[in-house]
Amino acid sequence: MSIAEQKFMVDAQGRNLVEMRPPGIQNNQPNDIQITAEQLLKDAEIHQTKEIRPPQQRIMDEAELQEYKFRKRILFENRVRRQRNYLGIWIRYAQFEEGLLEFRRARSIFERALEVDPSNIGVWMKYIEMEMRHKFINHARNVFERAIYQMPRIDQFWFKYSYMEEVLGNYQAAREIFNRWMTWKPEEKAWMAFLKFEERMGERENQRQIMYKYMEAFPKLKVYLKVAKFEIKQKAWDSARNIYERTLEELGQEALKEEYFIDFGRFEIRNKEYERAREIFRFGLKNIAKDKAYQLYQEYLAFEKQYGEKDEIDQIILNKRRIFYKELISQNAYNYDAWFDLANLEMSTKDVNRIRESFEAAIKNVPPGNEKRFWRRYIYLWYNYAVFEELEANNIQKAIEIFERAIQLVPHQQFTFSKLWILYAQLLVRGKDIDKMRKVYGLAIGICPNIKIFQEYIQIELQLANIDRARILYQRFIEIFPDNPIPWIKFAEFENDLEEYERSELIFELALQNNQMNMPETIWRAYIDNQIKLQNYEKVRDLYEKLLERSKHVKIWISYAQFELSIKNITGFRAAMQRGEKCYIGKPELKEERAILLEQWKDMEIEIGDEQEIKKISDKQPTKTIKKRKIKLLGDESEDFGYEEYYDYIFPEENPQQKNLGMLLNNAKLWKQQQEQRNG
């Protein structure tokens, strides 16, 4: 039919059959009932046809039996012809003939299978098991002989062959099989099986010969130890010791393992040869690397705890800890904590030479960088070294040399350690070398002046009752640190203790005139406390007035009022508070200071206990509210950075509407918190 003819094919209704197309989908909405892949698989499983099994057949006579055998043999022959290399079919074929008691046919099938793959262990084992199952012993022996001749390295044949002869009571044949097997030098389990066989036979001498042959065949440490344990089990102590000694002689370096020395040592301990055991342990620890002798060391430690003397036990523990610390140091030579532990360990031994060696080795590890943080732990090695020489070794001269070496080592131009100078000077004082002590402090002040050094130097001069020298040092102290309040305060207190009150006041006045002073408030505080201590209250008021001329800080007003209250001057206290409040009224930027002042005022009035004043001050307390304001950055007011919350204080004299608004906002906030708690 041509294309033109196909084009005009129509059905009975006159529709063109060629040009007909499937109708388009009218409704794209998803169906209400969706079918999942799980449902499809489940339906397929339900409607799957069951496995078709052949019907059971009953054989009624000899003819039917022969027909059944014929059909099955043809089936098996076809299968082995198609799948010749698949030995599972051969085995099932042979088992079928075995089930029919056709043993000749079964043997023939096994032989044919072995021609296909003569190295298949499974076929050999099935063949042997068939012969053994039906008690064809000679046939089984023949198959065994063929198997072990062809594959002598397969232990399964030897095991089963020897077991069969043993079950049959043919023990000599079983022994001969084991002897033939051992000539091939099999693995350990074969030798152990031979040993167990001789144990069942009760032949101890044969057992010993087996173990010695095993040792000759495999000259390894593991085998030697097994033979030694065998001799121990037989209670042949001399033979066991001889084996242990031969192990080291014959194996050499291979025997230098901790398990050998542990077993040998335990053997001697069992025989109460404690000195021999001790020497064995020590020899092992001496010739084995420390990282490979942990268990041996633990064994030796337990031995000494049980049988050794106290000194020996202590020495072992010290050696153990010494090894541990040296391992840490070998990993990181700058691990100063490990050096400290090692030095303390050596100090516990009271061996001066060892202690000095450990300290000298430690201080050789100078920190790599000239930064103080690297030196903080290191410098304490020098301190401990000097303390040891002074207190333990009673060698003050050696301690002085150590401090001098440390001072020469530290880079004082970058940083210094005031404690180093102070400890050195204190050592010289104990050594009654005052002149050298002064030279040391003078050198420290000249190279690297430090507040602690000045204070300690002055303290020593005061202990020596050198007042004039202490005064000179204070003057030098102020010259070097003119902007630090500590030397000024200490100098004034020094003069005050000497009852030189005019000198003390003059020092304070000079300090107040120093415009470069850091934290001048500490000078004012010390000056005021000094005058209060001397009960010079008018001078205290003058100082507060001078201070208020410089600053109107709220803490000054509160301190002024607290002073008046401390001397029971209630009128002066309230006057100071009123002046402070008046200073802040009308200044919106100082609202917070005013609120702090009023709160302190109220607390002090509560302490006094005057109800009228308490009510009066309470009425002045502001209302604290939270407000929002725009965030502004310096130099950039055009850009909007959002809003921030801040606290504002509304005082009673301000707009009442603002106060009411603040109270309203606070109540609203409280109501919101209560609602959140209820909902939570």
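Residues numbered from 1 in each chain as written. Predicted model: local features only at pLDDT ≥ 70, side-chain atom pairs only at ≥ 80, totals over all residues. Heavy atoms only, no water.

Thoughts on the overall build of the protein
Part 1 of the argument: Per the secondary structure count, the protein includes 35 helices and 2 strands.
Part 2 of the argument: Taken along the three principal axes of its C-alpha coordinates, the protein extends 145 × 115 × 60 Å.
Part 3 of the argument: Sorting the 680 residues of the protein into buried and exposed places 37% on the buried side.
Part 4 of the argument: Taking the contacts inside the protein whose residues are at least 6 apart along the sequence as the reference set, 46% of them involve residues at least 24 apart.
Part 5 of the argument: Total accessible area on the protein stands at roughly 43,300 Å², and carbon and sulfur atoms take up 49% of it. (Helix = DSSP H or I, 4+ residues; strand = E, 2+ residues; numbered from the N terminus. Buried < 20%, exposed > 50% of the residue type's maximum accessible area, 1.4 Å probe, protein only. Contact = heavy atoms within 4.5 Å. Areas by Shrake-Rupley, 256 points an atom, 1.4 Å probe, with all protein chains shown as cover.)

A few points about the pattern of salt bridges
Part 1 of the argument: Using the criterion set out here, one finds 46 salt bridges in the structure.
Part 2 of the argument: The salt bridge partner of Glu111 is Arg146, with a shortest N-O separation of 2.7 Å. A residue pair is termed long-range when its members are at least 10 positions apart, and Glu111 in helix H5 (residues 103–116) and Arg146 in helix H7 (residues 137–150) qualify at 35 residues.
Part 3 of the argument: Between Arg469 and Glu461 there is a salt bridge whose closest N-O contact spans 3.9 Å.
Part 4 of the argument: You can call Arg469 partly exposed: its relative accessible area is 37%.
Part 5 of the argument: By relative accessible area, Glu461 is classed as buried at 0%. (Salt bridge = Lys/Arg side-chain N within 4 Å of Asp/Glu carboxyl O.)

Focus: the environment of Phe283
Part 1 of the argument: With respect to the element layout, Phe283 can be found in helix H15 (residues 274–287).
Part 2 of the argument: Since its relative accessible area comes to 37%, Phe283 is described here as partly exposed.
Part 3 of the argument: Residues within four places of Phe283 in sequence aside, it is in contact with Leu248, Leu256 and Phe261.

Looking at a positive patch on the surface
Part 1 of the argument: A contiguous patch of positive charge on the surface is contributed by Arg79, Arg81, Arg82 and Arg92.
Part 2 of the argument: Here the element with the most residues in the positive patch is helix H3 (residues 62–82); it accounts for 3 residues.
Part 3 of the argument: Positionally, Arg82 belongs in helix H3. (Patch = residues over 30% accessible without salt bridge, like charges linked within 9 Å, V, L, I, M, F, W, Y side chains within 5 Å. Lys, Arg positive; Asp, Glu negative; His and termini not counted. Charge placed at Lys NZ, Arg CZ, Asp CG, Glu CD.)

Quick look at the UniProt feature "domain: Pre-mRNA-splicing factor Syf1-like N-terminal HAT-repeats" (unreviewed entry) in the protein
Part 1 of the argument: Taking the numbering used here, the UniProt-annotated feature "domain: Pre-mRNA-splicing factor Syf1-like N-terminal HAT-repeats" (unreviewed entry) corresponds to residues 73–219 and 323–483.
Part 2 of the argument: The span residues 323–483 carries 76% helix and 0% strand; its end-to-end C-alpha distance comes to 54 Å. (UniProt positions renumbered as here; feature names shortened; annotations may be inferred.)

Some details on unusual backbone geometry
Part 1 of the argument: Look at Leu101: it is not a glycine, yet its phi comes out positive at around 65 degrees.
Part 2 of the argument: Tracing the sequence through the fold places Leu101 in the loop between helix H4 (87–99) and H5.
Part 3 of the argument: Despite not being glycine, Met519 has its phi angle at roughly 50 degrees, a positive value.
Part 4 of the argument: Residue placement: Met519 occurs in the loop between helix H28 (501–513) and helix H29 (520–533).

Thoughts on the packing of H5 against helix H6 (residues 121–133)
Part 1 of the argument: Following both chains from N to C, one finds H5 and H6 inclined at 165 degrees, their axes separated by 10 Å at the closest point. Overall, the two elements H5 and H6 adopt an arrangement that is roughly antiparallel. For the pair H5 and H6, the crossing hand works out as left-handed. Contact residues: H5 offers Ala106, Arg107, Phe110, Glu111, Ala113 and Leu114, while H6 offers Val123, Trp124, Lys126, Tyr127, Met130 and Glu131.
Part 2 of the argument: Of the residues assigned to the contact of H5 with H6, the class counts are 8 nonpolar, no polar and 4 charged. (Axes fitted to C-alpha atoms, helices over the stretch in contact; angles between N-to-C directions. Parallel < 35°, antiparallel > 145°, perpendicular 65-115°, else oblique. Left-handed = near helix turned anticlockwise from the far one by under 90°. Nonpolar A, V, L, I, M, F, W, Y, C, P; charged D, E, K, R; others polar.)

Notes on the layout of surface pockets
Part 1 of the argument: The computed volume of the largest pocket comes to approximately 450 Å³.
Part 2 of the argument: If you trace the largest pocket, you find 20 residues lining it, with Lys290, Tyr297, Asn319, Lys320 and Ile323 closest to the centre.
Part 3 of the argument: Here the lining of the largest pocket gets 10 residues from one element, more than from any other, and that element is helix H17 (residues 310–331).
Part 4 of the argument: Residue composition of the lining of the largest pocket, by class: 9 nonpolar, 2 polar and 9 charged. (1 Å grid on protein atoms, 1.4 Å probe; cavity = no way out; pocket = protein on both sides within 12 Å on 5 of 7 lines; lining within 4 Å. Points joined across faces, edges and corners; volume = space filled by probe spheres on them.)

Here we look at the packing of aromatic side chains
Think of a pair of aromatic rings as described by two things: how far the centres are apart, and how the planes are tilted against each other in angle.
Part 1 of the argument: Using the criterion set out here, one finds 42 aromatic pairs in the structure.
Part 2 of the argument: Summarising the aromatic geometry, the rings of Trp375 and Tyr378 are spaced 5.5 Å apart at their centres and angled 85 degrees between planes, so their arrangement reads as edge-to-face.
Part 3 of the argument: Taken together, the aromatic side chains of Trp237, Tyr244, Tyr260, Phe261, Phe264, Phe267 and Phe283 make up a single cluster linked through ring pairs.
Part 4 of the argument: Over the aromatic face of Phe136 sits the side chain of Arg107, whose NZ or CZ is 4.9 Å from the ring centroid.
Part 5 of the argument: Here Lys372 stacks its cationic end above the ring of Phe417, 5.2 Å away from the centre of that ring. (Phe/Tyr/Trp six-rings, centres within 6.5 Å; stacked < 30°, edge-to-face > 60°. Lys NZ or Arg CZ within 6 Å of the ring centre and 35° of its normal.)

As for the environment of Glu259
Part 1 of the argument: Position of Glu259 relative to the elements: it lies in helix H14 (residues 258–270).
Part 2 of the argument: For Glu259, a relative accessible area of 38% puts it in the partly exposed group.
Part 3 of the argument: Here the alpha-carbon distance between Glu259 and Trp421, two residues 162 residues apart in the chain, equals 56 Å.
Part 4 of the argument: Glu259 has contacts with Leu221 and Leu225, leaving out every residue within four places of it along the chain.

Remarks on the confidence of the model for the protein
Part 1 of the argument: For the protein, per-residue confidence averages 83 on the pLDDT scale, and residues scoring 70 or more make up 91% of the total.
Part 2 of the argument: In the predicted structure, residues 1–13 sits below a pLDDT of 50 and forms 14 contacts with residues beyond four places in sequence or in another chain. (pLDDT = per-residue confidence, 0-100.)

Describing the packing of helix H13 (residues 237–251) against H14
Part 1 of the argument: With their axes 11 Å apart at the nearest point, H13 and H14 run at an angle of 155 degrees to one another. If you check the angle between H13 and H14, you find them roughly antiparallel. With respect to the hand of their crossing, H13 and H14 are arranged in left-handed fashion. Contacts from Trp237, Ala240, Arg241, Tyr244, Glu245, Thr247 and Leu248 in H13 reach Tyr260, Asp263, Phe264, Phe267 and Glu268 in H14.

Points about the nonpolar core
Part 1 of the argument: Counting residues in hydrophobic clusters, the biggest one holds 97 residues, and the most contacted among them are Leu381, Phe417, Leu420, Tyr441 and Ile523.
Part 2 of the argument: Ignoring sequence-local partners within four residues, the contact set of Leu381 consists of Tyr336, Trp339, Phe340, Phe359, Ala362 and Ile363.
Part 3 of the argument: Counting residues in hydrophobic clusters, the runner-up holds 80 residues, among them Ala190, Met215, Ala217 and Tyr244. (Core = buried A, V, L, I, M, F, W, Y, C linked by side-chain atoms within 4.5 Å.)

Brief notes about helix H32 (residues 570–584)
Part 1 of the argument: Between its first and last C-alpha, H32 extends 22 Å over 15 residues, near the 21 Å set by a 1.5 Å rise per residue.
Part 2 of the argument: Buried residues of H32: Gly572, Phe573, Arg574, Ala576, Met577, Gly580, Glu581, Cys583 and Tyr584, and no others.
Part 3 of the argument: Where H32 is buried, its residues touch helix H31 (554–566), helix H33 (591–608) and helix H34 (611–620). (Expected span 1.5 Å × (residues − 1).)

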